[in-house]
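Each chain, written out:
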Amino acid sequence: MRVSVCIVAYNEERTLPLLLSDIKKQTYEHKKIEIVLVDSMSTDQTREAMNLFKKENNEFENVLIRENPKKKQASGWNVAIASSSGDVIIRIDAHARIPEDFVQKNIKNIEDGEFVVGGPRPNTVDQPTAWKEILLLAESSMFGSGIASFRRKSSEKKYVKSVFHGAYRREVFEKVGGFNENLGRTEDNELHYRIRKAGYKICYDPEIISYQFVRGTLKQMMKQKYGNGYWIGLTTGVCPECLSIYYFVPFSFLIALLGSMLLCGMKKPVPFVLLNVMYWGTNILMTFGSVKNEKKQIGQVLLPIIFFLLHIAYGVGTLVGLIQMPFKRKGMFHSKEGDRR
């Protein structure tokens, strides 16, 4: 079975070579693997890394390099899908790492009858510094990142609503279309909603493991959370069915916090006090749960503050997205035919 491994990258000169080295080590027959590399108009050495990989590796069926002038992630994936020719399309983020049997295990599931498959995608760090390990703890915690199955390892093979680094039979895209290029951050949710609506099941196999690098600074992580929340707010006006209620927990906390602060200013402090007691109590308990099996370091005392900042950033993003949603909603609907290439 021929497989197209697709990677979309923007300014990933530091992590892309690591992923490409992982691809070279894949146990699946290289002559049945097509590599599709899409550069989203990078301004660093990303394109040079792609060119070097193509020049030095002729054991694969083909290595294609394409451009994504729109720069958006969704449009990049559509370029990759349109350029690919494999029976199976595997999408992998450029800031990820994969084991040598990653492709092999995906194809095994497809050959066993699955149409879409993926597995856990825990986070990792590019450099094991003390600060990055703390950020990794925050991102790996359910309290800091969410409840999605792919975010952490599980022993149960099951059908789920979404996977991260997914493998898709080509016919899935032929039937449901590509990614909605008007969306950002939530394009996966919307695509997987259409896939499930079309009657396909999305299989989660705990044996298919991949890794994603956590953001290297708290500022970058907060920016990421804000962007995630922002697109949750916008997507509410386009495809509310794509979103779980859990996506709105940080927004609900933010609104409750602002509301209780307003009441506090009106000399009614009880709601504000109760909310903070419940939140910080939960926060501290989740912090203990995050570090109980980890090597202890003094910086871990900052985890409750990091959790709070991430929740606020996500909640503010959702609030801004919801405010802007009525004005942007019309141009965000997905055109199935328009995304077929």
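Up top you'll find the structure we're talking about.
If you're wondering where the values come from, they're calculated on a predicted model, not measured in any experiment.

**Some remarks on the packing of aromatic side chains**
- Under the criterion given, the structure shown has 13 aromatic pairs.
- Each ring, one from Phe 143 and one from Tyr 279, has its centre 6.1 Å from the other, and the planes form 35 degrees; the classification is tilted. Taken together, the residues Phe 143 in helix 6 (residues 142-145) and Tyr 279 in helix 11 (residues 270-291) connect sequence positions 136 residues apart.
- Judged by relative accessible area, Phe 143 falls into the buried class, the value being 18%.
- The rings of Phe 143, Phe 253, Tyr 279, Trp 280, Phe 307 and Phe 308 are connected pair by pair, giving a single aromatic cluster.

**What about empty space enclosed by the protein?**
- Evaluated as defined, the whole model comprises one cavity of 30 Å³ or more.
- Taken together, Cys 6, Trp 77, Ala 80, Ile 81, Ile 89, Arg 91, Tyr 168, Phe 173 and Phe 179 form the lining of the largest cavity.
- At the level of elements, helix 3 (73-83) and strand 4 (88-93) are the ones that each hand at least two residues to the lining of the largest cavity.
- When residues in the lining of the largest cavity are grouped by element, the largest group, three residues, is from helix 3.

**Some remarks on the sheet that holds strand 5 (residues 96-97)**
- What the three strands build is an open sheet, ordered 5-11-7; its pairing is mixed. Both outer strands of the open sheet, strand 5 and strand 7 (123-124), are each paired with one neighbouring strand and no more.
- As judged from the two bridges shared by strand 5 and strand 11 (residues 211-213), these two strands associate in the antiparallel manner. Residue Arg 97 lies in a different strand from strand 11, and its bridge partner there is Tyr 211.

**A look at a nonpolar patch on the surface**
- On the surface, Trp 131, Ile 298, Val 301, Leu 302 and Ile 305 cluster together into a nonpolar patch covering about 490 Å² of accessible area.
- Counting through the fold element by element, Val 301 comes out in the loop between helix 11 and helix 12 (303-328).

**Let's talk about helix 2 (residues 46-56)**
- All of the buried residues along helix 2 are Thr 46, Ala 49, Met 50 and Phe 53. Projected down its long axis, helix 2 shows its buried positions confined to an angular sector of 100 degrees, all on one face. Projecting away from the buried face of helix 2 at angles above 90 degrees are the exposed residues Lys 55 and Glu 56.
- On the buried face of helix 2, the contacting elements are strand 1 (3-9), helix 1 (16-24), strand 2 (33-39) and strand 3 (62-67).

**Here we look at the state of the cysteines**
- In the structure shown here, the tally under the stated rule is one disulfide.
- The disulfide that involves Cys 239 links it to Cys 242, with 1.8 Å between the sulfurs. Its S-S torsion of approximately 85 degrees makes the covalent link between Cys 239 and Cys 242 right-handed.

**With respect to the pairing of strand 1**
- In terms of residue burial, strand 1 counts as a mostly covered element, since seven of its seven residues are buried.
- Both faces of strand 1 are covered, namely the face carrying Val 3, Val 5, Ile 7 and Ala 9 and the face carrying Ser 4, Cys 6 and Val 8.
- Here seven bridges tie strand 1 to strand 2, and the two strands are oriented parallel to one another. What sits directly across from Val 5, in strand 2, is Ile 35.
- Handedness of the crossover joining strand 1 and strand 2 through helix 1 is recorded here as right-handed.
- For strand 1 and strand 4, the ladder comprises six bridges, and the chain directions are parallel. Note on strand 4: the bridge partner recorded for Cys 6 is Arg 91.

Cut-off values and rules
- Residues numbered from 1 in each chain as written.
- Predicted model: local features only at pLDDT ≥ 70, side-chain atom pairs only at ≥ 80, totals over all residues.
- Heavy atoms only, no water.
- Phe/Tyr/Trp six-rings, centres within 6.5 Å; stacked < 30°, edge-to-face > 60°.
- Helix = DSSP H or I, 4+ residues; strand = E, 2+ residues; numbered from the N terminus.
- Buried < 20%, exposed > 50% of the residue type's maximum accessible area, 1.4 Å probe, protein only.
- 1 Å grid on protein atoms, 1.4 Å probe; cavity = no way out; pocket = protein on both sides within 12 Å on 5 of 7 lines; lining within 4 Å.
- Points joined across faces, edges and corners; volume = space filled by probe spheres on them.
- Pairing = 2+ DSSP bridges.
- Patch = residues over 30% accessible without salt bridge, like charges linked within 9 Å, V, L, I, M, F, W, Y side chains within 5 Å.
- Areas by Shrake-Rupley, 256 points an atom, 1.4 Å probe, with all protein chains shown as cover.
- Salt bridge = Lys/Arg side-chain N within 4 Å of Asp/Glu carboxyl O.
- Arc of directions from axis to C-beta.
- Contact = heavy atoms within 4.5 Å.
- Disulfide = S-S within 2.5 Å.
- Right-handed = clockwise from strand over helix to strand, strands pointing away.

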